[in-house]
Amino acid sequence: MVTAGRTVIERDGIEALTMRAVATELGTAPASLYRHVADREALLLAVLEQIAEGLPVDVPGAEPTARLLRRLVGAHDYLAGQAWVPHILIRGELVAENAFAFSDACLADLAAAGLPPARAMPAYRACWQLVLGELLSEHPVRPPREPNQRRGAFAAVDADRLPALARVLAELGYSEPGTHCAELEVALRALIDGLTGAA
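Values in this document were obtained by computation on a predicted structure and should not be read as measured data.

Cut-off values and rules
- Residues numbered from 1 in each chain as written.
- Predicted model: local features only at pLDDT ≥ 70, side-chain atom pairs only at ≥ 80, totals over all residues.
- Heavy atoms only, no water.
- Helix = DSSP H or I, 4+ residues; strand = E, 2+ residues; numbered from the N terminus.
- Buried < 20%, exposed > 50% of the residue type's maximum accessible area, 1.4 Å probe, protein only.
- Contact = heavy atoms within 4.5 Å.
- Areas by Shrake-Rupley, 256 points an atom, 1.4 Å probe, with all protein chains shown as cover.
- Lys, Arg positive; Asp, Glu negative; His and termini not counted.
- Charge placed at Lys NZ, Arg CZ, Asp CG, Glu CD.
- Phe/Tyr/Trp six-rings, centres within 6.5 Å; stacked < 30°, edge-to-face > 60°.
- pLDDT = per-residue confidence, 0-100.
- Disulfide = S-S within 2.5 Å.
- Salt bridge = Lys/Arg side-chain N within 4 Å of Asp/Glu carboxyl O.
- 1 Å grid on protein atoms, 1.4 Å probe; cavity = no way out; pocket = protein on both sides within 12 Å on 5 of 7 lines; lining within 4 Å.
- Points joined across faces, edges and corners; volume = space filled by probe spheres on them.
- Nonpolar A, V, L, I, M, F, W, Y, C, P; charged D, E, K, R; others polar.
- Polar contact = N/O pair within 3.5 Å; in protein donor to acceptor, adjacent residues only side chain to side chain.

Engineer: It is not clear to me how the overall build of the protein chain should be interpreted in this structure. Could you clarify?
Structural biologist: When you go through the protein chain residue by residue, the secondary structure sums to eleven helices and zero strands. In sequence order, the protein chain lays out its α and β elements as α-α-α-α-α-α-α-α-α-α-α. Dimensions along the principal axes, computed over C-alpha positions, put the protein chain at roughly 60 × 50 × 25 Å. Out of the 199 residues in the protein chain, the part that is buried amounts to 34%. Considering only contacts within the protein chain whose residues lie at least 6 apart along the sequence, 71% involve residues at least 24 apart. Accessible surface, the protein chain: about 11,200 Å² in total, of which carbon and sulfur atoms supply 56%. Of the charged side chains in the protein chain, 18 are positive and 25 negative, and the gap between their average positions amounts to 3 Å.

Engineer: I keep staring at the packing of aromatic side chains and nothing clicks. Help me out?
Structural biologist: What describes a pair of aromatic rings is the distance from one ring centre to the other and the angle between the planes of the rings. Tallied over the full model, the rule gives two aromatic pairs. Ring geometry for Phe154 versus Tyr174: centroids 5.5 Å apart, planes at 40°, classification tilted. Here Phe154 is found in helix α9 (residues 149–155), whereas its partner Tyr174 is found in the loop between α10 (163–172) and α11 (181–197), with 20 residues between them in sequence.

Engineer: Explanation requested: the confidence of the model for the protein chain in the structure shown.
Structural biologist: Close reading of the predicted structure is inappropriate where its pLDDT is low. Averaged over all residues, the pLDDT of the protein chain equals 92, while 97% of them reach at least 70. For the protein chain, the element scoring lowest by mean pLDDT is α9, at 88; helix α7 (residues 100–112) scores highest, at 98.

Engineer: Please clarify how the state of the cysteines should be interpreted in this entry.
Structural biologist: In protein structure, a disulfide is the covalent linkage between the sulfur atoms of two cysteines. The tally for this structure, following the rule as stated, stands at zero disulfides. There is no disulfide at Cys106, and the cysteine sulfur nearest it, in Cys127, is 7.8 Å away. Judged by its relative accessible area of 0%, Cys106 is buried. Owing to a relative accessible area of 1%, Cys127 belongs among the buried residues under this scheme.

Engineer: When you look at the pattern of salt bridges in this model, what are you seeing that I'm missing?
Structural biologist: Pairs can form between side chains of opposite charge whenever their charged atoms are close. Going through the model one piece at a time under the given rule, you end up with seven salt bridges. Arg67 is the partner of Asp109 in a salt bridge, and the nearest nitrogen-oxygen pair spans 2.9 Å. Within this pair, whereas Asp109 is found in helix α7, its partner Arg67 is found in helix α5 (residues 64–80), the two being separated by 42 residues in sequence. As far as the burial class goes, Asp109 and Arg67 line up, both buried.

Engineer: So what exactly am I meant to see when it comes to the layout of surface pockets here?
Structural biologist: A water-sized probe rolled over the atoms picks out the places where empty space is left. Looking at the largest pocket, its volume works out to about 530 Å³. Around the largest pocket, the lining is made up of 22 residues, and of these Leu89, Val95, Ala99, Ser103 and Trp128 lie nearest the centre. Of all the elements in the fold, those that place two or more residues in the lining of the largest pocket are α4 (40–52), α6 (84–89), α7 and α8 (117–138). The biggest single contributor to the lining of the largest pocket is α8, with five residues. Of the residues that constitute the lining of the largest pocket, the class distribution is 17 nonpolar, three polar and two charged.

Engineer: Can you help me understand the environment of Gln50 in this one?
Structural biologist: Examined against the element boundaries, Gln50 turns out to sit in helix α4. Sequence separation between Gln50 and Thr196 is 146 residues; the distance between their C-alpha atoms is 32 Å. With near-sequence residues (within four places) excluded, Gln50 lies in contact with Val2, Thr3, Arg6 and Tyr78. Side chain to side chain, Gln50 and Arg6 meet in a polar contact 3.0 Å long.

The following block contains the structure:
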C-alpha cells in the first residue's frame, strides 16, 4: 500500500494521492485501505517513513565534519530524486520518525566537533535549511514549461540598473535549475567550517 501511494505521488503529483487512487493502483476497493491506515495523512506519513529509511546515517570519514558534510550531501542527492518531499516538509505538519536517526548522527558529529547542545542544534538546523532551500529552489517537482518566463527575465537583465547581476550573467550565462548541485557542497563545507571553527 505504501509503495502504491509512492507510485501515485511520483507519477501524478502529491495532489493525486487519495485513498481512491491508491486503491485503484492496487486493484482493490478504497474501504479495504482503511483497515491499514486511518486516512490520507496517515498514508502520506507512511510514505515519508519509507523514504526516510533511505537517508544516509552511517557514512565513512575520520573527522566528524567530513562525515557531516558527506551525510548532508548524500541526503541532498537522495532527496533530489524525490523533489516533492521538501514541499511536504516545509508545511511543518508531518515528521517521519525514521528521519530521527539522520538528525541524531548529524548532531553527534557536531558534538564530536566540539559544539555543545545549545550550539549544535542551531548549527544542524542551518545546515539542513541550506540543503532544503537548495532542493526547493533548484529541483522543481515538474519540469518547467517551455518557453518559460524565468529564462526570459534573466536574458533581459538591464546592465545599467543591475550591473553586478548582468556582469555575472555575462561571464557565466544563464543556468537551468538543478545544474549547480556541486555548489551546495562548497557552501555546506564553508558553513560547517564556520560553525565549528570557533567551537
